[in-house]
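Fold and contact review
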Amino acid sequence: MIIVLVSAAVCLFGWLLWQGPWLLDRAHLQDTEPGPANVVSGFRTAVVAAGAGVVAGVGLAYTHLTLQHTRENNERQAELTRDGQITDRYTSAVQHLASDGLIEQLAGVYALERIMRHSAEDHTMVVDVIAAFIRKHAPISSPDDEAEPRPTEDSENEPPAQVQAAMTVLGRRPLGRREPFKTGLGRSDLRGANLGGAYLGNLDLIESHLQGAILIGANLQGALVYGTEFDDADLDEVDLRGAEGLTVEQIVSARVTSSTKLPPGLDRDPRVLERIAAVEQRREG
């Protein structure tokens, strides 16, 4: 097709050089004086110049299209390479999580965090994997479980290092990304966890244990806290507005202060106000 178009253009160009002047002004050019001959020469010069311009324009357009095509191919190749690298990093991180060594598990947690930060497309997948890791390593043991539960007499005891690291990563995940489902951490043993300033919104914390947890400045908007135990947890400056399932009993069991942001209605409950006064008096004393 291109060869046909080029051949047609060459033929048209040659025909214009030959017959163009007579096509435009045949009657005048039949004169034999030098003037018309100069007109013919000038016309042919103009046609040659116009042809050169067209050729140059076509060349520029072809060069632009070629460069654009090359750029698009390079971008696609770079995207494929990037996806392959992320897949390799993800596989390696999950293998570290599945190991029995603490150092390997910590490395896997932080490797997943890097993937989550660099790839918005993999955000939900990484969050789900980290949540599954926490549920596995910090379950609330039932009487029928063979695993030995963590001691219950001391609410200040800290969670295992790998669980603390995983919760820290979840708490500082990038904001503004789509999380279509609540991240499942129900019935997780998070007693004594340091979650100060963490974003815990959109988490399913149903029946989880957060006794003695440090939650100063944390954001629990949109979290599910039905049956969650907050005994002696520090709720100073915590945002609990929009937390689903929050009760007066949960609030008064924790160290709540006047800086705690509570849902409307609960912030004026007499028992809550009494608890706030008691906590702040104890701190001042």
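Residues numbered from 1 in each chain as written. Predicted model: local features only at pLDDT ≥ 70, side-chain atom pairs only at ≥ 80, totals over all residues. Heavy atoms only, no water.

**Digging into the confidence of the model for the chain**
With 69% of its residues at a pLDDT of 70 or more, the chain has an overall mean of 83. Throughout residues 152–156 the model reports pLDDT below 50, and contacts reaching past four residues in sequence, or to other chains, amount to 11 contacts. (pLDDT = per-residue confidence, 0-100. Contact = heavy atoms within 4.5 Å.)

**Quick word on the pattern of salt bridges**
Tallied over the entire structure, the rule returns 11 salt bridges. The partner of E179 in a salt bridge is R173, and the shortest N-O contact between them spans 2.8 Å. R173 sits in the buried class, given a relative accessible area of 2%. For the salt bridge of R271 with D269, the shortest nitrogen-to-oxygen distance reads 3.3 Å. The partly exposed category is assigned to R271, whose relative accessible area is 45%. Overlapping salt bridges, with partners in common, bring together E113, R117 and R172 in one network. (Salt bridge = Lys/Arg side-chain N within 4 Å of Asp/Glu carboxyl O. Buried < 20%, exposed > 50% of the residue type's maximum accessible area, 1.4 Å probe, protein only.)

**Regarding the nonpolar core**
Grouped together as the largest cluster of nonpolar side chains are 52 residues, with contacts concentrated most on I134, L200, L215, L220 and F230. Within the residue set of this core, elements represented by two or more residues are helix 2 (34–97), helix 3 (102–118), helix 4 (123–137), helix 5 (161–171), helix 6 (248–253) and helix 7 (270–284). In contact with L215, other than residues within four places in its own chain, are L195, G196, L200, F230, A233, D234, L235, D236 and V238. (Core = buried A, V, L, I, M, F, W, Y, C linked by side-chain atoms within 4.5 Å. Helix = DSSP H or I, 4+ residues; strand = E, 2+ residues; numbered from the N terminus.)

**Looking at unusual backbone geometry**
Of note in the backbone geometry, E207 takes a positive phi value of approximately 60 degrees without being a glycine. Relative to the helices and strands, E207 is located in the loop between strand 2 (203–204) and helix 6. You will see that D232, though not glycine, has its phi angle at about 65 degrees, which is positive. Counting through the fold element by element, D232 comes out in the loop between strand 2 and helix 6. The class of D232 is partly exposed, set by a relative accessible area of 30%.

**Focus on the environment of R178**
Counting through the fold element by element, R178 comes out in the loop between helix 5 and strand 1 (183–184). Exposure remark for R178: the relative accessible area of 67% places this residue in the exposed category. Separated by 55 residues in the primary sequence, R178 and H123 place their C-alpha atoms 8.4 Å from one another. Residues contacting R178, with those up to four places away along its chain left out, are H123 and T124.

**Let's talk about the side chain of S208**
Within the secondary structure layout, S208 lies in the loop between strand 2 and helix 6. At 2.7 Å, the side chain of S208 and the backbone oxygen of L185 are in polar contact. Residues in contact with S208, not counting those within four places in the same chain, are I140, L185, G186, R187, S188, G227, T228 and E229. (Polar contact = N/O pair within 3.5 Å; in protein donor to acceptor, adjacent residues only side chain to side chain.)

**Overview of the environment of A138**
By the element assignment, A138 lies in the loop between helix 4 and helix 5. Apart from the residues lying within four places of it in its own chain, the contact partners of A138 are V163, R187, S188 and D189.

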